[in-house]
Amino acid sequence: MSKSNGTIKENIAALQALLEWFESDDFSLEASIDKYKEAEVLAKQIEGQLSELKNEVNVLQQSFDTNA
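Predicted model only: the values in this text are computed from it and were never measured. (Residues numbered from 1 in each chain as written. Predicted model: local features only at pLDDT ≥ 70, side-chain atom pairs only at ≥ 80, totals over all residues. Heavy atoms only, no water.)

### Let's talk about the overall build of the chain
Across its full length, the chain holds 2 helices and 0 strands. Relative to its length of 68 residues, the chain is extended, with a C-alpha radius of gyration of 17 Å against a globular reference of 11 Å. For the C-alpha atoms alone, the extent of the chain along its principal axes is close to 55 × 15 × 15 Å. Put simply, the chain has 68 residues, and 21% of those count as buried. Accessible area for the chain stands at about 5,500 Å²; split by element, carbon and sulfur atoms hold 55% of it. Between the centroid of the 6 positive side chains of the chain and the centroid of its 13 negative side chains there is a distance of 3 Å. (Helix = DSSP H or I, 4+ residues; strand = E, 2+ residues; numbered from the N terminus. Rg over C-alpha atoms; globule rule 2.2 N^0.38 Å. Buried < 20%, exposed > 50% of the residue type's maximum accessible area, 1.4 Å probe, protein only. Areas by Shrake-Rupley, 256 points an atom, 1.4 Å probe, with all protein chains shown as cover. Lys, Arg positive; Asp, Glu negative; His and termini not counted. Charge placed at Lys NZ, Arg CZ, Asp CG, Glu CD.)

If you want it as structure tokens, here you go:
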């Protein structure tokens with residue numbers, strides 16, 4: 001399965017590898033459901049990580065605007 005606590009870069013690389021699998025000759029319908037679920041988990045993790053970073057940037061921006 002996917003890495004549960006990987007960095008954004010690691011999670012994007014893992015998601016990219018899964019997407020490449022879907023386009024490869026190794027694709028099989030039987031395995032596709034598990035691979036799809038794994039990709040879905042990774043996508044949600046990436047989305048959450050990006051949301052956290054966005055919040056941090058907003059806090060820093062507000063702090064900068066207040067101190068300026």
